[in-house]
Every structure is written in C-alpha cells, then in structure tokens.
Amino acid sequence: MDLPFFFSDDLTQQSTTLFLDEAASRHAVQVLRMKESDALQIANGKGSIAKAIITNAHKKRTELNIEMVSFDPKAIHSIGIAISLVKNAARFEWFLEKATEIGVTDIYPLLCHRTERELFRLDRMKQILISAMLQSQQAWMPVLHTTATFTESIKYFEKIDGQKMIAHCLETDKKQLVDQLINESINRLILIGPEGDFTKEEIQLAMDNNYISVALGNTRLRTETAGMVAATLLKLV
C-alpha cells in the first residue's frame, strides 16, 4: 500500500530530521491515527520526495526522521495556462486542482477587459495546489504566478520560447488546438479568456505577437472547463 503523502517547504536534499506543521501533524496523528515508527512520504513541490519515519507523533508538531531523499528532475519543457479569473472563486479553485493533477507546470491568472473578478486569496489557492499535488503524488507543484493584466502578460510572455496559442470564440480562421500542436519537446503556452471571451483587441494583440488562434472543440465552454480541456491536450497530445 502507498505510504501517506505530506508536504513540507522545509524538505531539502540534505534533510535528516523534519517537523510537520500543525495542520499536517493533526491529519497524521488524529485523522490517519499514525504513531511512532510509522512511515510516510514528504514532498516539497520542488522535485524532492523523502521517505520518513515518525519519531514523535505529536498532534501539533510531529517529528520525523528522514531515511532517504530522492529527486525527480523537472520537465525540461513547460506547459503554461494563462487563464482569466472568474467571478465564482470555487470554479477557479476547481481548475487549479485539475490543472495540478494533469501536470501543468505554470499557471498565470489573467485580468482581461471582461474579467469580472480581480482578486483572489493567494494563500488559499496555494493550499489547493498543495492538496492536488499530494493527491496525485507528484514531486512538482505548478508555479502560480502573480496576477497580471492581459497586456502585461503578453509583454511578460515574450521571454518564453515555444508554441503560444490563444483560445477564443470569435469567428475567425482558426484551427482546433489538437491539430495545431507540434513537437511535444517544446514549451507550450495557451491563453484562456473570461466568460465573455477576449475582446477583438485582445485577440488581435495576441495574434500580432505570433500567437496561434485556436478552438477547443465545437461547443462553447466555461472558462475553467476550457482551461482543463486545454491543459489535458497540451499535456497528453
């Protein structure tokens, strides 16, 4: 049976002992009923995974002895989803969870002209990422970037080499995303707009910067659904 999976920012390749924080300690001791000498796994979201043994099962500060630390190299090529915030925060959280499980490397929250929500709780969103990473037992957690406007993001993305796409509903000469994906050994980035879609000006700005105009199927999708579909195709195709 797989060992229980926990998260700690403090884990390094040189770690020999470690303490779980209060939330993780409570889960281990009170929920999972773990005790001294029980084994578990620790991930730091940056490639390191350790096997550890509980030496002091305390509900507020469980102490661990690190037996072995392994390192899973990060994927050479990134999969980035730049996606508009949505009015319903729970829907955006759902996208973060699924994108993490799928294996997206970078998430860029966008503020577009038609975005209805401009703020979100970064601390809560990071907890969503941690939980999804642990559930899917991955060594790497997606990088959740700072929220930026559409124009700022286009400027920022200039430094990213690879295939860049914008998904939208405007009736233009566009192809299905699945038909546009080229060699999987390059970076991939896609822009996903708000419920009201990108404006014509935003779409034109992206295309002026050599983004490929794509569709995600033949139906109109909610923002978070579009993000999940795009993440799946970029990861698996």
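This section reports on the structure supplied with the text. (Residues numbered from 1 in each chain as written. Predicted model: local features only at pLDDT ≥ 70, side-chain atom pairs only at ≥ 80, totals over all residues. Heavy atoms only, no water.)

### Examining the pattern of salt bridges
In step 1: Scanning the model with the defined rule gives 10 salt bridges in all.
In step 2: Across the pair Glu195 and Arg91 runs a salt bridge whose closest N-O atoms are separated by 2.7 Å. Of this pair, Glu195 sits in the loop between strand E12 (188-192) and helix H6 (200-208) while Arg91 sits in helix H2 (residues 89-102); the two residues are 104 residues apart in sequence, bridging distant segments of the chain.
In step 3: Between Lys155 and Glu158 there is a salt bridge; the shortest N-O distance is 3.6 Å.
In step 4: Judged by relative accessible area, which is 45%, Glu158 ranks as partly exposed.
In step 5: Counted as one network, the salt bridges with shared partners bring together Arg91, Glu195 and Glu224. (Salt bridge = Lys/Arg side-chain N within 4 Å of Asp/Glu carboxyl O. Helix = DSSP H or I, 4+ residues; strand = E, 2+ residues; numbered from the N terminus. Buried < 20%, exposed > 50% of the residue type's maximum accessible area, 1.4 Å probe, protein only.)

### Observations concerning the side chain of Ser153
In step 1: Relative to the assigned elements, Ser153 resides in helix H4 (residues 150-156).
In step 2: Among the polar contacts made by the side chain of Ser153, one reaches the main-chain carbonyl oxygen of Thr149 at a distance of 2.9 Å.
In step 3: Among residues more than four places away in sequence, those in contact with Ser153 are Leu110 and Ala148. (Polar contact = N/O pair within 3.5 Å; in protein donor to acceptor, adjacent residues only side chain to side chain. Contact = heavy atoms within 4.5 Å.)

### A look at the pairing of strand E4 (residues 48-56)
In step 1: In this structure, strand E3 (residues 39-43) lies alongside E4, joined through five bridges in antiparallel fashion. When the bridges of E4 are listed, Gln41 appears paired with Lys51.
In step 2: Here E3 hands over to E4 after four residues, with Gly45 in that stretch at a positive phi of 75°.
In step 3: Relative to strand E5 (residues 63-71), E4 runs antiparallel, the two sharing eight bridges. Pairing of Asn56 across the sheet is with Glu63, part of E5. (Pairing = 2+ DSSP bridges.)

### Description of helix H7 (residues 223-236)
In step 1: Here H7 contains 14 residues, and its C-alpha end-to-end distance of 20 Å stays within 8% of the 20 Å for a straight helix at 1.5 Å per residue.
In step 2: Buried within H7 we find Thr223, Glu224, Ala226, Gly227, Ala230, Ala231 and Leu234. Buried residues of H7, seen end-on, are gathered within an arc of 155° and therefore sit on one face of the element.
In step 3: Elements that come into contact with the buried residues of H7 comprise strand E6 (79-84), H2, strand E10 (163-167), helix H5 (177-180) and E12. (Expected span 1.5 Å × (residues − 1). Arc of directions from axis to C-beta.)

### Considering the packing of aromatic side chains
In step 1: One pass over the structure, following the stated rule, counts seven aromatic pairs.
In step 2: Arranged with centres 6.1 Å apart and planes meeting at 80°, the rings of Phe71 and Trp140 form a pair that is edge-to-face. Placement of the pair is Phe71 in strand E5 and Trp140 in the loop between helix H3 (122-135) and strand E8 (143-144), with a sequence separation of 69 residues.
In step 3: By relative accessible area, Phe71 is classed as partly exposed at 45%.
In step 4: Relative accessible area serves as the criterion here: at 24%, Trp140 is assigned to the partly exposed category.
In step 5: Where Tyr156 meets Phe157, the ring centres are 5.9 Å apart and the plane angle is 65°; that geometry is what we call edge-to-face.
In step 6: The exposure class of Phe157 is buried, given its relative accessible area of 1%.
In step 7: Put simply, the rings of Phe92, Phe95 and Phe120 touch in pairs and so form one group of aromatic residues.
In step 8: Positioned over the ring face of Phe19 is Arg61, at 3.7 Å from the centre of the ring. (Phe/Tyr/Trp six-rings, centres within 6.5 Å; stacked < 30°, edge-to-face > 60°. Lys NZ or Arg CZ within 6 Å of the ring centre and 35° of its normal.)

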